[in-house]
Amino acid sequence: MISQVMELHPGIRWFHIGSDEVYYLGEGKESQECLSKGSTTTEHLFLNHLNTVATYVTSSFPGVQPIAWDDMFRTTSISTVTGSNVPQMVEPMIWDYNPVLDIDEKVGLVNKYRQCGFKKIWFASAFKGATGVNQALTNITYHLENTKQWMKVAESVPQEVVQGIALTGWQRYDHFSVLCELLPVAIPSLAVCLQVVKEGKYTEEVWSFARSFLGMPQLDTDMCMSGPAGTFPGGDVLNHVSQFTFCLKPSLKEFLETNRYVTGWFSHYHRKRKMVHPIMVQHIQPNAQSLLSHWNSFIEDLRESLLRIYFPEAVEEWMEENVLPWYRTLQELVDDLNDSVTNTT
């Protein structure tokens, strides 16, 4: 895997080898056999493996520095980490994606890792992801606050120890989960957070600069965007996802759940038996057909904008998870209504 990534990224200076959240460490057959002998611990298993991977990187690609997530070091004793040779091999990256951080605790981790022998330390925030496994729109404020908190941590530790900060952008929570925020949707968040890192702090000018740079008349995800979401590449995707989230889906939900003619004269009971009063059709059908026409046009435009960026498989997945279930619900109601009208006639 490392060789494949390096082939695609020649000339890089750092290589992140992961190593976080090793929840099932020690549960495999080989690990249990080692542990049963009493000569090692789960911490040593982890550090030995990390050392092996890091050694492969440095020996195969001279000049490339391995980075590893820090969470497995947090509860491991200083003496255990120090004696593993890992501090000479990797640079730890402390991650936390919450909008409120315990600054003192993060400073304490930095001090601990310095005592372990790590020369350089990274921080990791997030500009998207971390707020919901199937989140559609990026909560800019959440990630902005997280970035601002990391700036406070950076100010509270010796500057020479901080190698950098990574603004992570999750696309999935893991390889088997659904897609969360698409990259075009999160570009405004990325722009704001990058500007905060560049300036070292947040000011109103940061927000104004990001909005102007992206060509956005407004930078706010709390309302339905009726106009262009920005002139940046992918801005049309953000516009479509915003419209779907704040306008299209709520209007359909309202029609299905609160329209008195649908809930009172064309319920699931009526639909199952294909029965509807002809007069009630006049109250239901125009709205249903209008909504369906709007949805057909929207889906065509959304798919076209997504296909300019993503492979068809990714477009199919996102549409299937987010849009098409709602569309099918509406289509089924229209079909049932037409069938009921025919049956009644």
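Residues numbered from 1 in each chain as written. Predicted model: local features only at pLDDT ≥ 70, side-chain atom pairs only at ≥ 80, totals over all residues. Heavy atoms only, no water.

As recorded by an unreviewed UniProt entry, the protein chain carries the name Beta-N-acetylhexosaminidase and is attributed to Hymenochirus boettgeri.

Student: Help me understand the overall build of the protein chain, please; the structure alone is not making it clear to me.
Tutor: Scanning the protein chain for helices and strands turns up 13 helices and five strands. For 345 residues, the compact-globule formula gives about 20 Å, and the C-alpha radius of gyration of the protein chain, at 26 Å, lies well above that figure. Evaluated residue by residue, the protein chain yields a buried proportion of 43% over its 345 residues. Partitioning the contacts of the protein chain with sequence separation of at least 6, the portion at a separation of at least 24 is 74%. Carbon together with sulfur atoms contributes 54% to the accessible area of the protein chain, which is approximately 18,400 Å² in total. Across the protein chain, the centroid of the 26 positively charged side chains sits 2 Å from that of the 39 negatively charged ones. (Helix = DSSP H or I, 4+ residues; strand = E, 2+ residues; numbered from the N terminus. Rg over C-alpha atoms; globule rule 2.2 N^0.38 Å. Buried < 20%, exposed > 50% of the residue type's maximum accessible area, 1.4 Å probe, protein only. Contact = heavy atoms within 4.5 Å. Areas by Shrake-Rupley, 256 points an atom, 1.4 Å probe, with all protein chains shown as cover. Lys, Arg positive; Asp, Glu negative; His and termini not counted. Charge placed at Lys NZ, Arg CZ, Asp CG, Glu CD.)

Student: Hey, could you run me through the pairing of strand 4 (residues 121–128) in this one?
Tutor: Each regular strand shows side chains that alternate between the opposite faces of the sheet. Most of strand 4 is tucked away: eight of the eight residues are buried. The pairing of strand 3 (residues 91–95) with strand 4 spans three bridges and is parallel. Counted as the bridge partner of W95 is A124 from strand 4. As a crossover connection, the stretch from strand 3 through helix 5 (residues 103–116) into strand 4 is right-handed. Pairing of strand 4 with strand 5 (residues 162–169) involves seven bridges; the strand directions are parallel. Counted as the bridge partner of F123 is I165 from strand 5. As for the winding sense of the linkage, the β-α-β connection from strand 4 through helix 6 (residues 140–155) to strand 5 is right-handed. (Pairing = 2+ DSSP bridges. Right-handed = clockwise from strand over helix to strand, strands pointing away.)

Student: Whenever I open this one, the sheet that holds strand 5 confuses me. Can you help?
Tutor: What links the strands of a sheet is backbone hydrogen bonding, and the strands pair in either a parallel or an antiparallel sense. Strand order in the open sheet formed by five strands is 1-2-3-4-5, and the pairing between neighbours is parallel. Every interior strand has two partners, whereas the edge strands, strand 1 (14–16) and strand 5, have only one. When the angles between neighbouring strand axes are averaged without regard to direction, this sheet yields 30°. Both strand 1 and strand 2 (residues 65–69) contribute to a ladder of three bridges, which runs parallel. (Axes fitted to C-alpha atoms, helices over the stretch in contact; angles between N-to-C directions.)

Student: Looking at this structure, I do not really get unusual backbone geometry. What am I missing?
Tutor: With the exception of glycine, most residues fall at negative phi, and the peptide bonds are largely trans. Although it is not a glycine, S19 sits at a positive phi angle of roughly 80°. Even without a glycine there, the phi angle at E21 is positive, about 50°. On the secondary structure map, E21 appears in the loop between strand 1 and helix 2 (29–36).

Student: In this structure, what is going on with the environment of K201? I would like to understand it.
Tutor: Residue position: K201 is located in the loop between helix 7 (183–199) and helix 8 (204–214). Separated by 128 residues in the primary sequence, K201 and F73 place their C-alpha atoms 29 Å from one another. Setting aside anything within four residues of it in sequence, one finds K201 in contact with V196 and V206.

Student: Where do I start with the packing of aromatic side chains in this structure?
Tutor: How two aromatic rings sit relative to each other is given by the distance of their centres and the angle of their planes. Going through the model one piece at a time under the given rule, you end up with 14 aromatic pairs. Taking the centre distance of 4.8 Å and the plane angle of 20° together, the rings of F123 and W150 count as stacked. Residue F123 is located in strand 4, and its partner W150 is located in helix 6; the two are separated by 27 residues in the primary sequence. Both residues of the pair, F123 and W150, belong to the buried class. An angle of 85° between the planes, with centres 6.0 Å apart, marks the rings of F244 and W295 as edge-to-face. Residue F244 is located in helix 9 (residues 235–258), and its partner W295 is located in helix 12 (residues 278–307); the two are separated by 51 residues in the primary sequence. Comparing F244 with W295, the two get one shared label, buried. One aromatic cluster in this structure is built from F46, F73, Y113 and F118. Just above the ring of W95 sits the side chain of R74; from NZ or CZ to the centre is 4.9 Å. (Phe/Tyr/Trp six-rings, centres within 6.5 Å; stacked < 30°, edge-to-face > 60°. Lys NZ or Arg CZ within 6 Å of the ring centre and 35° of its normal.)

Student: Any chance you could explain the confidence of the model for the protein chain here in plain terms?
Tutor: Low-pLDDT portions of the prediction should not be read for the details of their coordinates. Residues at a pLDDT of 70 or more form 97% of the protein chain, whose mean pLDDT is 93. Under a pLDDT of 50 for its full length, residues 221–227 has, in the predicted model, 17 contacts with residues more than four places off or in other chains. (pLDDT = per-residue confidence, 0-100.)

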